[in-house]
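Next come the chains, spelled out residue by residue.
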Amino acid sequence: MRIAILGKPFSDTIAPFIQVLFDELQRRKAELFLVEQFQLFLQNTLNLPTGIQTFGRGDKLEDVDVVLSIGGDGTLLDTVTYVGQQQIPILGINTGRLGFLATIPYESIHVAIDALYKGHYTLDDRALIRVDSDQEVFGGINFGLNEFSVLKRDTSAMIVVHTYIDGEYLNSYWADGLVVATPTGSTGYSLSCGGPLVLPQTNNFIISPVCPHNLNVRPMIVSDRSVISFEVEGRSSGYLASLDSRSTAVDMNVQLAVRRENFAARLVKLHHVNFLSTLRSKLNWGLDKRNDVPKQY
């Protein structure tokens, strides 16, 4: 197999597990490609196989079978921007904290690699959100997996986000900002703003205000075939536009709109992993310390 690997630096306690990963891939004679920054970290941390090739953002990953993302959910979001419309399957190995997207614990690396080689997995296509603007905003990488946000800058006064769906006026949100999330992003920033959890394969966007001034304003689910556009005003000269973990300052006169991207992020899902079990595990559903207390009669 031809395998590309992206990642973020990890602690010394995790290093032996990542060494197992490279030893196993070397044993299976995999052809490896490492993103340049991660390769610099690994060569001082692990014993790497010989013959590893490097790549950078924008490079075409010719005939790569799978991309391994080593880190947390943020690392996987970044990996999506490297893969882009090539739609190479991505497997997330979690060395971070939460792991909604990077679902494979680092202790189970050998199980995941064995499943890859045996074909014991399915591919889960996740919708992406695309930002269109009349000025360049995100350096040409104008798509994301989780959400797009319009936010006030620093401690400035709230902003007003006039919002339209397919050109029809929806509402003016007096708030600290507004989040438009994909179903995948429903477990992220949108959730902390009171947005609903949405199953990954539903064809929706979630519009969630951030700290709205009007308490009767609530999150709203709309079709992801819609085009959602914004006009922003406030006391300051600009605001923040954020796409997953990438944020940039934007002038008030910049026109922005979001829609569903015409390609998807293709995630590798092992047969024993599913979204509902991940929800129960990561959100601690059903856990109650009272259940551990012996019954008193």
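Predicted model only: the values in this text are computed from it and were never measured.

(A) Quick peek at helix H1 (residues 15–27). Under the 1.5 Å per step criterion, the end-to-end length of H1 is 18 Å for 13 residues, consistent within 8% with the ideal 18 Å. Turning to H1, its buried residues are Ala 15, Ile 18, Gln 19, Leu 21, Phe 22, Glu 24 and Leu 25. The inward-facing, buried residues of H1 abut strand S1 (2–7), strand S2 (31–35), helix H2 (36–42), strand S4 (66–71), strand S5 (90–94) and helix H4 (109–118). Lys 29 sits one or two residues past H1 and shows a positive phi near 60°.

(B) Inspection of the UniProt feature "binding site: NAD(+)" (unreviewed entry) in the chain at higher detail. With numbering matched to this structure, UniProt assigns "binding site: NAD(+)" (unreviewed entry) to Asp 73, Gly 74, Asn 146, Glu 147, Asp 176, Thr 187, Gly 188, Tyr 189, Ser 190, Leu 191 and Ser 192. Their sequence span is 120 residues, while the largest C-alpha to C-alpha distance among them is 24.7 Å; these annotated residues do not converge on one region. Following the sequence through the fold, Gly 74 ends up in helix H3 (residues 73–83). On the basis of relative accessible area, Gly 74 is assigned to the partly exposed category, the value being 35%. Mapped onto the secondary structure, Asp 176 falls in the loop between strand S11 (168–175) and strand S12 (177–181). Those residues in contact with Asp 176 that sit more than four places away from it in its chain are Val 150, Leu 151, Lys 152, Met 158, Ile 159, Val 210 and Cys 211.

(C) Spotlight on the pattern of salt bridges. As enumerated under the stated definition, the model contains 14 salt bridges in all. Residues Lys 152 and Asp 176 are paired through a salt bridge, measuring 3.5 Å at the closest nitrogen-oxygen approach. In this pair, Lys 152 sits in the loop between strand S9 (147–151) and strand S10 (159–165) while Asp 176 sits in the loop between S11 and S12, placing the two residues 24 residues apart along the sequence. Given a relative accessible area of 22%, Asp 176 falls into the partly exposed group. For Asp 224, the salt bridge is made with Arg 260, and the minimal N-O distance between the two is 2.6 Å. Taken together, the residues span a long stretch of sequence, with Asp 224 in the loop between strand S14 (220–223) and strand S15 (228–233) and Arg 260 in strand S18 (residues 256–270) at a distance of 36 residues. The network of salt bridges with shared partners includes Glu 24, Arg 27, Arg 28, Asp 114 and Lys 118.

(D) Representation of the environment of Gln 37 in the model. Relative to the helices and strands, Gln 37 is located in helix H2. Between the alpha carbons of Gln 37 and Gly 7 there is a distance of 8.7 Å; along the sequence they are 30 residues apart.

(E) Representation of the UniProt feature "active site" (unreviewed entry) in the chain. UniProt tags Asp 73 as "active site" (unreviewed entry). Tracing the sequence through the fold places Asp 73 in helix H3. By relative accessible area, Asp 73 is classed as buried at 18%. If we ignore the near neighbours within four places in the chain, the residues touching Asp 73 are Gly 99, Phe 100, Leu 101 and Ala 102.

(F) Representation of the pairing of S1 in the model. The element S1 is largely enclosed, with a buried count of 5 among its 6 residues. Across 4 bridges, S1 lies against S2 in parallel orientation. In the sheet register, Ala 4 faces S2, and the bridge partner there is Phe 33. Crossover connection from S1 via H1 to parallel S2: handedness right-handed. In this structure, S1 lies alongside S4, joined through 5 bridges in parallel fashion. The partner of Ala 4 across the bridge, within S4, is Val 67.

Rules of the game
Residues numbered from 1 in each chain as written. Predicted model: local features only at pLDDT ≥ 70, side-chain atom pairs only at ≥ 80, totals over all residues. Heavy atoms only, no water. Helix = DSSP H or I, 4+ residues; strand = E, 2+ residues; numbered from the N terminus. Expected span 1.5 Å × (residues − 1). Buried < 20%, exposed > 50% of the residue type's maximum accessible area, 1.4 Å probe, protein only. Contact = heavy atoms within 4.5 Å. UniProt positions renumbered as here; feature names shortened; annotations may be inferred. Salt bridge = Lys/Arg side-chain N within 4 Å of Asp/Glu carboxyl O. Pairing = 2+ DSSP bridges. Right-handed = clockwise from strand over helix to strand, strands pointing away.

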